[in-house]
Amino acid sequence: MTREWIHPGLLLIAGAWILPFCKGRTKGAVMILLPAAALVECVVMQPGTYGVVRLLGQEVIFGRVDRLALVFSYVFALVALIGMVYSLHVNDDAQHVAALTYAGAALGAVFAGDFLSLFLFWELMALSAAILVLLRRRPAAVAAGFRYVLVHIFGGLCLLAGIVLHWSHTGSLRFGDLSPYAGSAAFTLILIAFLVNAAVPPLGAWLPDAYPEATATGAVFLTAFTTKSAVYALIRGFAGTEILVWWGAAMAVYGVVYAVLENDARRLLAYHIISQVGYMICGVGLGTELALNGATAHAFAHILYKALLFMGAGAVLQVTGLRKLSDMGGLYKMMPRTLSLYMVGAFAISAVPLFSGFVTKSMVVSAAGESHRAAIYLLLTLASSGTFLHTGLKLPYYMFFGRDRGLRAEEPPRNMLVAMGLAAVACVVIGVVPVVLYSQLPYRVDYIPFTARHVTATLGLLGFTALGFFLLLKQLDPEPVVSLDTDWFYRRGGTAVQNFAQGALARLEGSVSRLSDVVMQRFVLGVGAQLRDIDLRGVDAMMVGIGRLTEEVSCDLTLAMSGHVQRYALIMAAGILAGVALAVFGL
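This structure is a prediction, so every number in the text was calculated from the model and none was measured. (Residues numbered from 1 in each chain as written. Predicted model: local features only at pLDDT ≥ 70, side-chain atom pairs only at ≥ 80, totals over all residues. Heavy atoms only, no water.)

Caption draft 1: Up close: a nonpolar patch on the surface. On the surface, a nonpolar cluster with roughly 700 Å² of combined accessible area is contributed by L354, V425, V428, V429, V432, V433, V435, V436 and F450. Looking at the nonpolar patch, the elements with two or more residues in it are α16 (414-432) and α17 (435-438). At 4 residues, the largest contribution of residues to the nonpolar patch is made by α16. Turning to its location among the elements, F450 is positioned in the loop between α17 and α18 (452-471). (Patch = residues over 30% accessible without salt bridge, like charges linked within 9 Å, V, L, I, M, F, W, Y side chains within 5 Å. Areas by Shrake-Rupley, 256 points an atom, 1.4 Å probe, with all protein chains shown as cover. Salt bridge = Lys/Arg side-chain N within 4 Å of Asp/Glu carboxyl O. Helix = DSSP H or I, 4+ residues; strand = E, 2+ residues; numbered from the N terminus.)

Structure below.
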């Protein structure tokens, strides 16, 4: 790598291992300085190609820097900084090392200019994310963490197989637009790998399975990197892929439906990640400049407001130990600051005017309208209404208001509130001054969000949604149940494999053992008996004959041994003369 360029991802990954050797305030300072330095490095970075290494005749590019990579790097580094502020009170070096490594790997994936470096950072993301789930150290978290690993091993194998096929076909490992190879096996496998990380149904049940089981602080990092790095990769390689339009629109509605049904606060928010990523996937599929700008902008805004929402839910979990909405209520009296900051995130995700979601989500919806995709436009609008229903109304109502259950709580540690405040400020700034974000997007932006028609239509949609919520409040009461998702199949699949191993495989093993006994008795032992006869009749007889011959020769030599030197000399002389005679007559 060149001396002028420092990889912000490697800065986080290497710097993370300093933390275990730090104590007290020094550790806190390092936790803040590392992501802050990475953010500064991203901001001052200029477009270009850096960190090129030759390996096996291929260029490995660790620093492909352009406008698309830069805008994702800004928000990744920013949320890493916010997440570390949120984690300052946690005395667990393993969590901090895993979180910084996770953030660094995401930055590495964003700047990767080739498939080899992309695969390296892709797998490092999966490993460090799984650790953040496992470190909650509860049986449910351990089980979810292992399922997370298994699913992402599948995704990683698909990516690796696709890379190998692509390289064998093209002779290049460059990562860019793959549309010229649409329909090939490599194209399909790489697309599946990216869709797994994007949590696209039916490949995305790992997300609401694992994220709610992560540590309170680790979940903040999980919301930011895996799915959004997948969105970045899809923008880079699969823009304009038609199937993504319908998949993304269906995904937006799918996540909303499950979120409305959910009782677990963090699972509700996890399902809504799926819904919001659906907007981004749909934008990638539409493939127009407005749609790709919208997908990028919405990913940026989503990382911040979703982190804020998970920080709010994590603060409640921190002070009450509760996750079920049916167990909560009345917390607004004891946690007013947490409620206020949470509602900023709720308004942002619901696309309320003057909040970030209003100026980003609408770009994708407008792109669908401009492309004359009426069905897609309708599905995305419907999903937007559902978002406000569950994240802006249902969750805060039952968590902070609702029936007072006599819970005793207080505001979370100050660093958690500061982190929530930073994310809230970002949500408001982007919503009020969208040019701050628009100026960083990959393409020139002509979109104007604050039109009278857009504002009134949005307020009308939100108003009718709120009216419906309060009219149907009794029917929306959360119930202590679990909604089944596609993870049911691989959960049950594991049980089926175990039962098969204990039943059918055990019987198969017995059959093989009996067959083996028959083979051993009739064939192997028979061959052994034949070899024994050959040994007795042939080999032993031959050896006895050789022994007898040796004995007779020895006896003759013994008779020749008289002990007189003169006789030996005469015998030797006679032998020499005989040899000379043979030589002469032979000539």
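Now that the structure has been shown, the text picks up again.
Caption draft 2: Spotlight on the packing of aromatic side chains. Summed over the entire model, instances satisfying the criterion amount to 22 aromatic pairs. For the ring pair Y397 and Y398, a centre distance of 5.0 Å and an interplane angle of 90° mean the geometry is edge-to-face. Residue classification places Y397 among the partly exposed positions, given a relative accessible area of 24%. A centroid spacing of 5.9 Å and a plane angle of 80° characterise the contact between Y397 and F469, whose relative ring orientation is edge-to-face. Of this pair, Y397 sits in helix α15 (residues 374-400) while F469 is found in helix α18, placing the two residues 72 residues apart along the sequence. Given the relative accessible area of 1%, F469 is considered buried. Every member of this aromatic cluster is reached through a ring pair, and the members are F115, W122, F175, F187, F194 and F238. A cation sits over an aromatic face here: K361 above Y279, 5.2 Å from the ring centre. (Phe/Tyr/Trp six-rings, centres within 6.5 Å; stacked < 30°, edge-to-face > 60°. Buried < 20%, exposed > 50% of the residue type's maximum accessible area, 1.4 Å probe, protein only. Lys NZ or Arg CZ within 6 Å of the ring centre and 35° of its normal.)

Caption draft 3: Fine view of the pattern of salt bridges. Scanning the entire structure with this criterion turns up 12 salt bridges. The salt bridge partner of R323 is D264, with a shortest N-O separation of 2.6 Å. Note that R323 is positioned in the loop between α12 (289-320) and α13 (336-349) and D264 in the loop between α10 (242-261) and α11 (265-286), a separation of 59 residues in sequence. The two residues R323 and D264 agree in class, both being buried. In this structure, the salt-bridge partner of R444 is D446, at a minimum N-O distance of 2.8 Å. An identical accessibility class is assigned to R444 and D446; each is exposed. Via salt bridges that share partners, R136, E213, D264 and R323 belong to a single interconnected network.

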